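In case you want the letters, here they are:
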Amino acid sequence: MRPFTSTISLDEARRRLDAAVRPIARTERVAIEHAAGRVAASDVTAPMDVPPFARSAMDGYAVVAADTAGASKSTPARLRQLDRIYTGQPSSVTIAPGTCAEIATGAPLPAGADAVVMVEETAKTGDEIQIFAPATAGHHVGRRGADIAAGDRVISSGDVLSPSRVGALAAIGCVDVEVFAKPRVAILSTGNEVVEPGRTPKPGQIFDVNRFTLGAIVSAHGGVPEPQHPAQDTVDALVAALDTCAQMDLVVFSGGSSVGERDLVVDAIALRGEMIFHGIAVRPGKPTAFARVKGTPFFGMPGNPTSCLSNAYILLVPFLRAIARLPPHTPRTVQAPLGRRIVSAAGRHQFYTVRLRNGIAFPAFKGSGDITSLSQADGYIEIPSDQSVVEERAMVMVTLF
Ligand code: AMP
Ligand code: MG
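Residues numbered from 1 in each chain as written. Chains lettered and ligands numbered in written order. Predicted model: local features only at pLDDT ≥ 70, side-chain atom pairs only at ≥ 80, totals over all residues. Heavy atoms only, no water.

1. A word on the overall build of the chain
Per the secondary structure count, the chain includes 7 helices and 28 strands. At 32 Å, the chain has a C-alpha radius of gyration far larger than the 21 Å of a compact globule built from 401 residues. Here the C-alpha coordinates of the chain stretch approximately 95 × 50 × 40 Å along the principal axes. Expressed as a percentage of its 401 residues, the buried residues of the chain come to 46%. Within the chain, contacts between residues at least 6 apart in sequence are counted, and of these 69% link residues at least 24 apart. With an accessible surface of roughly 18,900 Å², the chain has 52% of that area assigned to carbon and sulfur atoms. Taking the average location of the 39 positive side-chain charges in the chain and that of its 39 negative ones, the two points are 5 Å from each other. (Helix = DSSP H or I, 4+ residues; strand = E, 2+ residues; numbered from the N terminus. Rg over C-alpha atoms; globule rule 2.2 N^0.38 Å. Buried < 20%, exposed > 50% of the residue type's maximum accessible area, 1.4 Å probe, protein only. Contact = heavy atoms within 4.5 Å. Areas by Shrake-Rupley, 256 points an atom, 1.4 Å probe, with all protein chains shown as cover. Lys, Arg positive; Asp, Glu negative; His and termini not counted. Charge placed at Lys NZ, Arg CZ, Asp CG, Glu CD.)

Okay, here's the thing in structure tokens:
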């Protein structure tokens, strides 16, 4: 055993992580149907006006606005209908004073017309149209370029492509768009006891949990998980795994990061990289390491599934999002009274999982090794390192998963 001689505070760990962020520079082109949630890597300027022609915003009649001045129910303007204009079919008629054309929403405004009267304000007898309300020029007309003018910047580099931004790209006829690549994240579980799903565990073996929780987190926050087979607890196996994984944008190992005889991740890092911290004053999740391996950032997460996932939420998510150039994640929070007193380890910032029942937060934490500490919780509360007790009925802020 090589006990932790020192740990750093959570704040200090966050500072060192922030300082280690290198936002991804690689870019790729993706079809706009696959662009949602991606981060634009260049500005996009409109090559055309949207709409590309003046169009009606209503079903009604295209008119010369001046013809409708003073029109009312009792003194309607009377116009002669020249044409019926549907979408996608520009009309060749010119609307002269005293005439009009029936027009559908989205259809091109005919020459001569400068306003549209909605059908509800008209009556039709043969080809005579009565107009019951005055329209001013431009009324119910979507001007050419009113939405986007040719030359407008539609997307700026760094924008996250929300559904509406994908829509703006579609409106100007984009087929594909330049985006930053998603960071590729190598995920590897260490431990002689860890087996992959689909196998029959031998005595003393357990199924790999962390590869899947970490993979889910990585996918949800803009990365591409690159799951690896579990590695044995030998320095050689870990060094070989590091060599493979360091080719990715980020590496996340779990297990073997503590101080036991078989916790050899630190030894492997010593051979291949540079340790930035090892040991954080948090609970769960103290034996967490962060390093650079051949230039690639490396997380060594604790093997305990709850510790591993808890630290993934708290440390990995912000780091990954920053690399992916995504804005920080802001989980929802709710205030609730605590349903049962909690005693916390002094000197460590504790993340304590809770379940919400009828607006009351009940402790859900079982043990660091128990995935149900998280899977049966709705969120967590934070207990600062200088606080050792949270009393029953105290109001707590629950950060929801
Ligand atoms: P370690 O951090 O390697 O000392 O592991 C701590 C505990 O977590 C041990 O009980 C391990 O068996 C368990 N553990 C380690 N890795 C995993 C994993 N990938 N999935 C589930 N449990 C694990
Ligand atoms: Mg282990």
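There's more to say after this.
2. A few points about the domain arrangement of the chain
Its domain assignment divides the chain into domain 1 (10–25 + 182–323), domain 2 (27–50 + 146–180), domain 3 (55–142) and domain 4 (333–400). Between the C-alpha centres of domain 1 and domain 4 the distance comes to 25 Å. Taken residue by residue, the interface counts 15 residues in domain 1 and 15 residues in domain 4. Of the roughly 1,400 Å² buried at the junction of domain 1 and domain 4 (both faces included), carbon and sulfur atoms supply 65%. Inspection of the region where domain 1 meets domain 4 yields 0 salt bridges. Between the two partners, domain 1 and domain 4, sit 6 residue pairs in polar contact (both at pLDDT 80 or more). Elements supplying a minimum of two residues to the side of domain 1 that touches domain 4: strand S19 (282–283) and helix H6 (305–323). Counting residues per element, the side of domain 1 that touches domain 4 draws most heavily on H6, at 6 residues. Residue composition of the side of domain 1 that touches domain 4, by class: 8 nonpolar, 5 polar and 2 charged. (Domains from an automatic or database assignment. Buried area = accessible area lost by both parts, 1.4 Å probe. Salt bridge = Lys/Arg side-chain N within 4 Å of Asp/Glu carboxyl O. Polar contact = N/O pair within 3.5 Å; in protein donor to acceptor, adjacent residues only side chain to side chain. Nonpolar A, V, L, I, M, F, W, Y, C, P; charged D, E, K, R; others polar.)

3. Remarks on the packing of helix H3 (residues 210–220) against H6
Axes are the key here: two packed helices are described by the angle between their axes and the distance separating the axes. Here H3 crosses H6 at 25°, and the two axes come no closer than 10 Å. By the criterion of interaxial angle, the relationship of H3 to H6 is roughly parallel. Crossing handedness for the pair H3 and H6: right-handed. The segment H3 lies against H6, with Asn210, Thr213, Leu214, Ile217, Val218 and Ala220 engaging Pro305, Cys308, Leu309, Ala312, Tyr313, Leu316, Val317, Leu320 and Arg321. Tallied by class, residues from the contact of H3 with H6 come to 12 nonpolar, 2 polar and 1 charged. (Axes fitted to C-alpha atoms, helices over the stretch in contact; angles between N-to-C directions. Parallel < 35°, antiparallel > 145°, perpendicular 65-115°, else oblique. Left-handed = near helix turned anticlockwise from the far one by under 90°.)

4. Details of the nonpolar core
Grouped together as the largest cluster of nonpolar side chains are 39 residues, with contacts concentrated most on Leu250, Val252, Phe299, Leu316 and Phe319. Broken down by secondary-structure element, the contributors of at least two residues to this core are helix H1 (10–20), strand S13 (184–189), H3, strand S17 (250–254), strand S21 (296–301) and H6. No other element matches the 10 residues that H6 contributes to this core. Leu238, Ala246, Phe253 and Ala268 belong to the second-largest nonpolar core, a separate cluster that totals 19 residues. (Core = buried A, V, L, I, M, F, W, Y, C linked by side-chain atoms within 4.5 Å.)

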